[in-house]
Amino acid sequence: VNIPMVNIVSDVTIHQLEQAVSFERALRYGEVIDTEEEAEKHFDASIKDFNGLTDHIDQKVLTGEELAQESMGLADTQEQIDEFNHVVSLMRLIGTQHKIYVKHAIEVFNLVREGHLHQALVKAEAVEAEEKELDHELEGLLEELEAFTQKAVINAENDEKAAFSNLSMLTVVVGILSLVSFYFMIISITGALRTAVETARNISTGDLSKTIQSRER
């Protein structure tokens, strides 16, 4: 159950970074909307991209919360129950923070449209702070899930060794292959997140040509 949860949180993290990139891109074009011919078109396109990610992120967060609640019912130990209960709380917090972030970002877009660029830029600083807080919460949750899952894998390995004499060779091979698959999945997730973070940094410094490649849309 942990692997689907890791996938959900990593997808939310990447899509949140995509949304942050769309916000930064819209802001950059908004700054030159009165002086560059194509700026308004790119401004509108960036807002469309931003809005298109909102429902997806909210749905993923809800799915993660539901999965964590289901996992509590399947947990074997109090430690697992406590962990998944904590995940439920964090997913709810992230969902609430994301809705506030989106509301404030839309307010910035409206200020730009109304010609209040200075007010928009001032408010954008608060939105960017909310972006960082969301990223921090998501990255922290992902690290927590990875550590918890790694511990579960180690426990499974120990149980497998203890029961080795009762296992068929096929069962052992399947267990090893599962562990290898898990390892490469974690490598894939962390690699995608590093790329997404680097792209977001490039765009925040003015490089509007970059895009974040999501693992799923």
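First, a word on scope: everything that follows refers to the structure included in this document. Worth saying up front: this structure is predicted, and the values here are computed from it rather than measured. (Residues numbered from 1 in each chain as written. Predicted model: local features only at pLDDT ≥ 70, side-chain atom pairs only at ≥ 80, totals over all residues. Heavy atoms only, no water.)

Let's talk about the overall build of the chain
We count it as follows: Secondary structure elements are defined from DSSP: runs of H or I of at least 4 residues count as helices, runs of E of at least 2 residues count as strands, and each element is numbered from the N terminus. Buried residues are those whose accessible area, probed at 1.4 Å on protein chains only, stays under 20% of the maximum for their type, while exposed residues exceed 50% and partly exposed ones sit between those limits. Residue contacts are counted whenever heavy atoms from the two residues lie within 4.5 Å of one another.
When helices and strands are tallied, the chain shows five helices and zero strands. Mapped in sequence order, the helices and strands of the chain form the string α-α-α-α-α. Counting the 217 residues in the chain, one finds 40% classified as buried. Sequence-distant contacts, at least 24 apart, represent 79% of the contacts inside the chain between residues at least 6 apart.

With respect to the nonpolar core
Our working rule: Nonpolar core, defined: a set of buried Ala, Val, Leu, Ile, Met, Phe, Trp, Tyr and Cys residues in which side-chain atoms within 4.5 Å join the residues together.
One finds V9, F23, Y101 and L141 to be the most contacted residues of the largest nonpolar core, which totals 39 residues. Secondary-structure elements contributing two or more residues to this core are helix 1 (2-31), helix 2 (39-74), helix 3 (78-113) and helix 4 (117-162). Among the elements that make up this core, the one with the highest residue count is helix 3 (12 residues). Setting aside its immediate chain neighbours within four residues, L141 contacts V9, V87, L90, M91 and I94.

Quick notes on helix 3
What counts is decided by this rule: How far a helix is expected to stretch is found by multiplying one less than its residue total by 1.5 Å.
A rise of 1.5 Å per residue sets the reference length of helix 3, with its 36 residues, at 52 Å; its end C-alpha atoms lie 53 Å apart and thus fit the reference within 8%. Positive phi appears at G115, one or two residues downstream of helix 3, with a value of about 90°.

Observations concerning the packing of helix 2 against helix 3
Using the following cut-off: To obtain each axis, a line is fitted to C-alpha atoms, and for helices this fit is confined to the stretch in contact; angles are then taken between N-to-C directions over 0 to 180 degrees. Under this scheme an angle from 65 to 115 degrees is roughly perpendicular, one under 35 degrees roughly parallel, and one over 145 degrees roughly antiparallel; angles in between are oblique. Crossing chirality is assigned from the near helix's rotation relative to the far helix, an anticlockwise turn below a right angle marking it left-handed and a clockwise turn marking it right-handed. In the scheme used here, Gly and all other residues not listed as nonpolar or charged are polar, with Ala, Val, Leu, Ile, Met, Phe, Trp, Tyr, Cys and Pro taken as nonpolar and Asp, Glu, Lys and Arg as charged.
Two elements in contact, helix 2 and helix 3, have axes separated by 9 Å at closest approach and are oriented at 165°. Comparing the axis directions of helix 2 and helix 3 gives the class roughly antiparallel. Helix 3 is crossed by helix 2, and the crossing has left-handed handedness. Tallied by class, residues from the contact of helix 2 with helix 3 come to 19 nonpolar, eight polar and seven charged.

Here we look at the packing of aromatic side chains
For the record, the criterion: Any two of the Phe, Tyr and Trp rings considered here, Trp counted by its six-membered ring, make a pair once their centres fall within 6.5 Å; the pair's planes then place it as stacked at under 30 degrees, edge-to-face at over 60, or tilted in between.
According to the stated counting rule, one finds four aromatic pairs in the structure shown. Centroid distance F23 to F109: 5.6 Å. Interplanar angle 45°. Geometry classified as tilted. Within this pair, whereas F23 is found in helix 1, its partner F109 is found in helix 3, the two being separated by 86 residues in sequence. Geometrically, the ring pair formed by F50 and F109 is edge-to-face, given 5.3 Å between the ring centres and 85° between the ring planes. Separated by 59 residues along the polypeptide, F50 in helix 2 and F109 in helix 3 bring together distant segments of the chain. Every member of this aromatic cluster is reached through a ring pair, and the members are F23, F43, F50, Y101 and F109.

Details of the side chain of Q19
Here Q19 shows up in helix 1. Overall, the relative accessible area of 0% leaves Q19 in the buried class.

Some remarks on the environment of F23
The buried category is assigned to F23, whose relative accessible area is 0%. Linking F23 and V127, residues 104 residues apart in sequence, is a C-alpha distance of 9.3 Å. Beyond its immediate sequence surroundings of up to four residues, F23 is in contact with F50, Y101, A105, V108, F109, A124, V127, E128 and E131.

So yeah, pure geometry; function would need other evidence.
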